[in-house]
Amino acid sequence: MAMIQTTTDFIPNKKITQILGVVRGNTIRSRGVGGHFVAGIQGIFGGEISAYVTSLNEAREEAIQRMVQEAEKLNADAILNVRFVTSEVMPYAAEILAYGTAVKLG
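Source: prediction; values computed, not measured. (Residues numbered from 1 in each chain as written. Predicted model: local features only at pLDDT ≥ 70, side-chain atom pairs only at ≥ 80, totals over all residues. Heavy atoms only, no water.)

A short note on the environment of Tyr92
Then, number 1: Note that Tyr92 resides in the loop between β3 (78-90) and β4 (93-105).
Then, number 2: On a C-alpha basis, the gap between Tyr92 and Arg29 in space is 8.3 Å, while along the polypeptide they are 63 residues apart. (Helix = DSSP H or I, 4+ residues; strand = E, 2+ residues; numbered from the N terminus.)

Here is the structure:
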């Protein structure tokens, strides 16, 4: 069964029987030279910079998968209060952190 992930602090019709602790997953991504060039061109004309959107979406998915893996090691049934933090660690490189509370359900 897939790990339940939610931004809420409860799951309707489910009872939390045990809090297992905070779980997290992160990744750091940078854009290559080609990506900077494309982003620069898109930035000149305005609008969404699709090269960065794609890269950040992929990074978020990777961070989520790492968080889920950590929860699976604890035999969790769900991760509650899932949150994301994005921070620039150097020019053109960002860290994406996903975290939440791993729980057992009854």
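Regarding the confidence of the model for the protein chain
Then, number 1: Model confidence for the protein chain is summarised by a mean pLDDT of 86, while 80% of its residues fall at 70 or above.
Then, number 2: Put simply, helix α1 (residues 33-45) is where the protein chain has its lowest mean pLDDT, 51, and strand β1 (residues 4-5) is where it has its highest, 96.
Then, number 3: Within the model, pLDDT remains below 50 along residues 33-37, and this stretch shows four contacts once partners closer than five positions in the same chain are excluded. (pLDDT = per-residue confidence, 0-100. Contact = heavy atoms within 4.5 Å.)

Some points on the sheet that holds β1
Then, number 1: Pairing is mixed in the open sheet, where four strands are placed in the order β1-β3-β4-β2. Edge strands, defined here as strands with exactly one partner in the open sheet, are β1 and β2 (16-30).
Then, number 2: As paired strands, β2 and β4 are joined by 13 bridges and run antiparallel to one another. If you follow Arg24 over to β4, its bridge partner there is Tyr99. (Pairing = 2+ DSSP bridges.)

Things to note about the pairing of β3
Then, number 1: Where β1 and β3 come together, two bridges link them in parallel fashion. From the neighbouring strand, Gln5 faces β3, where its bridge partner is Ile79.
Then, number 2: In this structure, the hairpin formed by β3 and β4 is closed by a connection of two residues, where Tyr92 is found at a positive phi of approximately 70°.

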